[in-house]
Structures are given as structure tokens and as C-alpha cells.
Amino acid sequence: MSSEEAPPAPDARPSSPPPTLKDCVSIITASDASSPSSTRKKGELALSMLGFCYHIASDQAKLSKLQSENNMNNLQISEIPAMQELLSNPALFTAFVSMLNPATALNLQQQMTIGRKRAPSEDLTHSRKRQMLSPVPNRQHSNIEEKTQLPVESTSVLAATCLYTVLQHVDHWPIQIMKAFADDSFGPRIWVDDDRCSAIVANLEQSIQSRHDDTLTGAMVSAAEKADKYFSSLGASSTKSKTTIPTVPVPTKQPSTKEKRKLTSGAKMNVDTSSSSGEEEVLESEVLPSFSMTSVHQEQSHSSNEIDSSLYALFSASSPSTEQVRPRYVSSNVELMYEVISDAFEERLNSKSKQNSRLLLTLPLFLRIPRVRVLASRHLERWLQSPALAGLARTLFAGIVKHVENVDPPLFDDLEVVDNILNLKLKAN
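Throughout what follows, the structure given in this document is the object of discussion. Remember, predicted model here, so these are calculated numbers, not experimental data.

### Some points on the overall build of the protein
Alright, step 1. Within the protein, the secondary structure is distributed over 18 helices and zero strands.
Alright, step 2. Here the protein holds 429 residues, and the buried ones make up 36% of them.
Alright, step 3. Contacts in the protein between residues far apart in sequence, at least 24 positions, make up 77% of those at least 6 positions apart.
Alright, step 4. Counting only carbon and sulfur atoms, one obtains 53% of the accessible surface of the protein, whose full area is about 26400 Å².

Shown next, in the form of C-alpha cells:
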């Protein structure tokens, strides 16, 4: 080889293709997101989540092309299989929503260290860490003992990203998303404060702060009710089973020739009226249930067509707004939204967790909800008397008074708020 020739390039390691959509769905739905059983299961779950993001991105490109061409009316649900699977598979939908749940996310994060368990003396969080010499001279060792860790919020962020990528094209969102948002907002705030989830959080916050009942049309109200019915059935189906497989009756095994002879001889010995009539007697064991796969295929096809029709209705625009950030809960869904947020706040107040400044900083976003105002007013006295929380409590006090609605007749919840404020027993500072 001459000196002018370049040295041969090292063999490039071939990149492996992403996992198929079917494999991703199978692993995600089969895995227990709250407590993966082994390191291998944790790795498979993380890889499947990334693979599903890849398939979602492919569907997103198809939808973006249809929108740019103003051709959404020709959308075929089968052309976006990953989005179709997420919004039609109850087990998959529930798995993604559960990853936004603070309890599930915190439990998962505590177990996502990849590598063997260390003894307390080997814990890398200690001030003194055992250093190992590098096998390469004059090169600082990068702590061989330290193992790779998945990002703390990786699972929740991936789940939120996938859900928003799909739901940004849907005017009316499932109430389960708002429930997860409220739980995390009043709790550890694992993903609501993450910049990578800012798009989905902005839509949820806009839904809470907006008043838009005066601008609702009949089409929007009807679409909101249909969406709520669909997502409610989707969540209910997930509690029954992870997959919807039709029950197929199993035909009875046919008796052998020897068994038929025994049965026939026994029947001749016990002569009854039916046999003496001269009519041919039919053995019960020979009557096999008839079963046709055609009926099952027809039922599956009918169910699939209904789901595709419902999904097409979800992706059909009913809101006049085309903004990326807009209210996603309207009409009757607003009451459901208020209910799940109030329940989440009440659970937080009744929990053993300390009510700290972060909770008081969160509350102003939710003061538009009457029940939240009531619950907050019940704890104002304690918060105002706390040296650490008094400043935030005064701001919260003003916000509660500001959001009391001036309507006739007054809201029952606001009457309780006023009563709680008048009964405050505060010490002079």
C-alpha cells in the first residue's frame, strides 16, 4: 500500500433496526411499570418506550403532511398505527397514563439503577468513594465502579411526550390525563416542572384557567360528550383485561370408536320408551356443538369498524381554534376536570406528607375551582400562623378572595369559603 493511500476505515458497527410496533406494545403492556422484576425487564421496557416514540414520530410525520396539504378529511386511521394502538388498546393507554402517576414514577425511579446492588460501604453517595486505578497509564479513571443510570424522569417524560404527540391533534382530552397532572402538581412534581413536558402542561393549565362556555357550539358539546364516553369506556376496559380477545367456545373432543361401542352397548341394555318407538337413538356424547369462525370474524370486524369510526371522530376538528395551546376540556368535561382536581388536592391534604411552600406555590393555578377554594380556606389559619408559610399564605388568601364568584344565587362552596375566613383566629404579628 502506497503512502498516499488512506488507511482502511474500521468496520462500522451496523445499527440495529428499532423494535416493531407489535413488540413495543407487547412489552409495555406486559411489564409492571411500578416495579420491573429484573434489570433485563427494565432495559426492555426502556427500549420499548423509545421504540414506541419512533413509531409515534413516523405517524406524526404522516399527519403533518396531511395537515399541510389541508387533506385531513382523507385520513385513514390505519395509516397511523401507533397512534391508533395508543388510543384503542386499553392496556397500552393505561400503561402510559400510569407512568405519569407520581406513585408509579417514584417507585420505578428507585429501581432504575442498572448494575449490581452495592453494599453500603460501596455506595457512591458516600463522601468517600473507592477509586480504582486505570489500566491505561497517564489516564484518569472515570470510576469503573459507577454504573449507568437512566435519567430520573425518563419514563414519565417519554410517556408524556408520546401522549402529547398523539393528543395534540385531538380537541377533547381524556380525564385520566388531568388526574395524573393534578396528582403530580400537588405531589412531587416529577414531570410537570420538566421543560420537556411544557407543551402538554401548557394545554392542561390553559384548560383550568379558561372560561369558554359562552363560545361553545352544539358540535363542540356533542364532540366533547362523545370523547368523554369513548375515553371512559377505554379506561373501564383496561380494568377488566389487558387485551380484548373474544371468547371462543372449544368443541368437545369426539369419542373414539371403542368408546362409541361401549356407549352403544350400554344403551341397548337400558331400553326405554324412546328406543322402543323404533326411532334411532342419538347418543348425547355424539352431539357436538357447532361453531363457526365466521361469526367471530364478523364480530371482530364490526368492533374494529366502530373503534376506527370513534378515532376518526376524535381526530376530526370540532374547535374553531387551531392554536397548539388551547382548552381541551369543555362542556360536561369541565365538571369532571374540577372533580378529579379537587379529589387529588383533598388526598394531598389528608396524606402524611408535609404541606410545604411548594404546595402553596402550586395552589393559585387551581383557585378557579370552587372546591379547591373551600379546601384551601379550611387550612388558611394554620398556614398563616406558620413562620415559614405565612408570606405565601397571605398571597393565597388574597387569591381565594379574588376568585370568589359574584353570582346570584351565590355558590354553596363560596358561602363556606366566606364562613371559614370570618372564623379565622389569627394572632397579631
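### Details of the packing of aromatic side chains
Each aromatic ring pair is summarised here by two numbers: the centre-to-centre distance and the angle between the ring planes.
Alright, step 1. Going through the model one piece at a time under the given rule, you end up with eight aromatic pairs.
Alright, step 2. Arranged with centres 5.2 Å apart and planes meeting at 45°, the rings of Phe52 and Phe96 form a pair that is tilted. Taken as a pair, Phe52 in helix α2 (residues 39-68) and Phe96 in helix α4 (residues 90-100) lie far apart in primary sequence, 44 residues in all. Side by side, Phe52 and Phe96 carry an identical accessibility label, which is buried.
Alright, step 3. Taking the centre distance of 6.3 Å and the plane angle of 45° together, the rings of Phe181 and Phe366 count as tilted. Placement of Phe181 in helix α7 (residues 175-186) and of Phe366 in the loop between α14 (357-362) and α15 (370-378) is noted, with a sequence separation of 185 residues between them.

### Considering a negative patch on the surface
Alright, step 1. Residues Glu335, Glu339, Asp343 and Glu347 make up a contiguous surface patch of negative charge.
Alright, step 2. You can see Glu339 is positioned in helix α13 (residues 332-350).

### Here we look at helix α18 (residues 412-422)
Given 3.6 residues to a turn, an α-helix orients residues that are three or four positions apart in the same direction.
Alright, step 1. Here α18 has its buried residues at Asp414, Val417 and Asn420. Projected down its long axis, α18 carries its buried residues within an arc of 115°, all on one side. α18 presents Phe412 and Leu422 as exposed residues on the side facing more than 90 degrees away from its buried surface.
Alright, step 2. Elements in contact with the buried residues of α18: α15 and α17 (390-403).

Parameters at a glance
- Residues numbered from 1 in each chain as written.
- Predicted model: local features only at pLDDT ≥ 70, side-chain atom pairs only at ≥ 80, totals over all residues.
- Heavy atoms only, no water.
- Helix = DSSP H or I, 4+ residues; strand = E, 2+ residues; numbered from the N terminus.
- Buried < 20%, exposed > 50% of the residue type's maximum accessible area, 1.4 Å probe, protein only.
- Contact = heavy atoms within 4.5 Å.
- Areas by Shrake-Rupley, 256 points an atom, 1.4 Å probe, with all protein chains shown as cover.
- Phe/Tyr/Trp six-rings, centres within 6.5 Å; stacked < 30°, edge-to-face > 60°.
- Patch = residues over 30% accessible without salt bridge, like charges linked within 9 Å, V, L, I, M, F, W, Y side chains within 5 Å.
- Salt bridge = Lys/Arg side-chain N within 4 Å of Asp/Glu carboxyl O.
- Lys, Arg positive; Asp, Glu negative; His and termini not counted.
- Charge placed at Lys NZ, Arg CZ, Asp CG, Glu CD.
- Arc of directions from axis to C-beta.

Scope: geometric values only; no functional claims are made or implied.
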